[in-house]
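Fold and contact review
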Amino acid sequence: MVLPSDADASGRRFGDEELANLRAVLDSGTLNCTRGTFVTRLENDFAARYAGDGFFCTAVTSGTAAIHCAIAALDLEIGDEVVTTSVTDMGAITPILFQGAVPVFADIGAKTFNVSAQSIEAVLTSRTKAVVATHLFGVPCDIDAISDLCQKRGLYLIEDAAQAPYATFDGRRMGTFGDIGCFSLQQGKHFSCGEGGLTLTKNPDFARRMRLFHDKAWGYGDAKPDHYFAAPNYRMTELAGAVALAQLDRVEGVVRDRQNSANAFLDKIADFPGVYSQLVPEKATSVFWKVTLRIEPAEAGADVAQIGARLKEQYGIACAPRYVQKPAFECEVLRDKRTLGSSGWPIRDAVWPTRETLPGTYDALAHMLVLPWNENYTREHVDYISTSLRSTLDFFRS
Ligand SMILES: Cc1ncc(COP(=O)(O)O)c(C=O)c1O
């Protein structure tokens, strides 16, 4: 069976509304957002519909750009520390370097796969200025406790909701708890325009700084505009905005369909030996960017690599054992401090964690099996994935 994939039309929902918006952009002849209307509508609609009154959104060219805007909004000093997770997309980490700050890695839970208030607190120093809390795979962190910690210690909180738009904690959407929320509209996310990102904040100062930062820090609309500080061009095109705006009408249906099929799947595999689903905090709902399992080899009869290989080879299920394979600080960019020339700046003196200091991270990666999930999965697809997993376990246990 061929499963719908977010890499092509089988697993994406683009239709007449996207086409009509694209047509309108092309007919207008205005493809840039500084003069067009679609990106502005996307920003206003997303802020109002997702978060409510008082929130501001700036649309940018990627999730990485959104994180970069968020870090830049904090106006950190060189060498300030930003606590984050090492089990994430590199695009969530390099913006910290670009702004001259040092990423510090908090441990993740071996079963939650997310950072916690305790693991963040354990790595705070006098240089810590901010925390980036990533809601991995669509499962919220315990954001209440993390918010409390940040408030108590005077730290900024950025939520990386790239994988968790519309996920909730205590009925409230992720990305609205911290000082700034960041989202990705890349091909494989819940709603997409190929590449894109969104920032969200209710702090007018951060909103202003992110708006400036995404456009060369030029003070559009100011009495005496100038380029106020060093900043890139992360403006979204009207073509991307046109698609993203139409996607806003679809995304809640996408989330609902993913939740229904994923919950049905998790029910089916509830008693599979050695197979456990990612732990979701009691007050939270997941939006299942992926369905991520923890495999206990002693019970399952095989480890994630063996199970993943068989699921792929025998059943064509494109799963990812160990997700990103290794913690971010083991990737060349951080391990070898490849930043600006041979300076190692700003991480020249950084000492990265080890297996001993981040046991949850290594434990989680060694046991993590990431299954692709999609809004277009039918009951047959769900049955296929669960029976394939069952047969795989039977194969190794026999
Ligand atoms: C958690 C997380 N943060 C940030 C990013 C970066 O987003 P983008 O690929 O749109 O730059 C991603 C992308 O996959 C992500 O999953």
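Residues numbered from 1 in each chain as written. Predicted model: local features only at pLDDT ≥ 70, side-chain atom pairs only at ≥ 80, totals over all residues. Heavy atoms only, no water.

Concerning the packing of helix α3 (residues 63-73) against helix α7 (residues 204-213)
Between α3 and α7, the shortest axis-to-axis distance is 9 Å and the interhelical angle comes to 125°. Taken together, α3 and α7 sit at an angle that is classed as oblique. The handedness of the crossing between α3 and α7 comes out as right-handed. On α7, the residues that touch H68, C69, A70, A72 and A73 of α3 are F206, R209, M210 and F213. Residues of the contact of α3 with α7, tallied by class, amount to 7 nonpolar, 1 polar and 1 charged. (Axes fitted to C-alpha atoms, helices over the stretch in contact; angles between N-to-C directions. Helix = DSSP H or I, 4+ residues; strand = E, 2+ residues; numbered from the N terminus. Parallel < 35°, antiparallel > 145°, perpendicular 65-115°, else oblique. Left-handed = near helix turned anticlockwise from the far one by under 90°. Contact = heavy atoms within 4.5 Å. Nonpolar A, V, L, I, M, F, W, Y, C, P; charged D, E, K, R; others polar.)

Comments concerning the layout of surface pockets
Taken as a whole, the largest pocket encloses approximately 360 Å³ of empty space. As for the largest pocket, its lining consists of 24 residues, and the residues nearest its centre are D89, A162, S184, Q186 and K189. Breaking the lining of the largest pocket down by element, the ones donating at least two residues are α3 and β8 (180-184). Empty space within the second largest pocket amounts to approximately 240 Å³. Mapped by element, the contributors of at least two residues to the lining of the second largest pocket are α2 (38-51) and α7. Residue classes in the lining of the second largest pocket are distributed as 5 nonpolar, 4 polar and 4 charged. (1 Å grid on protein atoms, 1.4 Å probe; cavity = no way out; pocket = protein on both sides within 12 Å on 5 of 7 lines; lining within 4 Å. Points joined across faces, edges and corners; volume = space filled by probe spheres on them.)

Looking at the nonpolar core
If you look at the biggest cluster of nonpolar residues, it comprises 62 residues, and the most contacted ones within it are F46, I120, I146, L198 and M368. Not counting residues within four places of it along the chain, the set of residues in contact with M368 comprises V87, F113, F137, T292, L293, V304, A320, P321, R322 and Y323. If you look at the next biggest cluster of nonpolar residues, it comprises 28 residues, including V304, I307, I317 and L393. (Core = buried A, V, L, I, M, F, W, Y, C linked by side-chain atoms within 4.5 Å. Buried < 20%, exposed > 50% of the residue type's maximum accessible area, 1.4 Å probe, protein only.)

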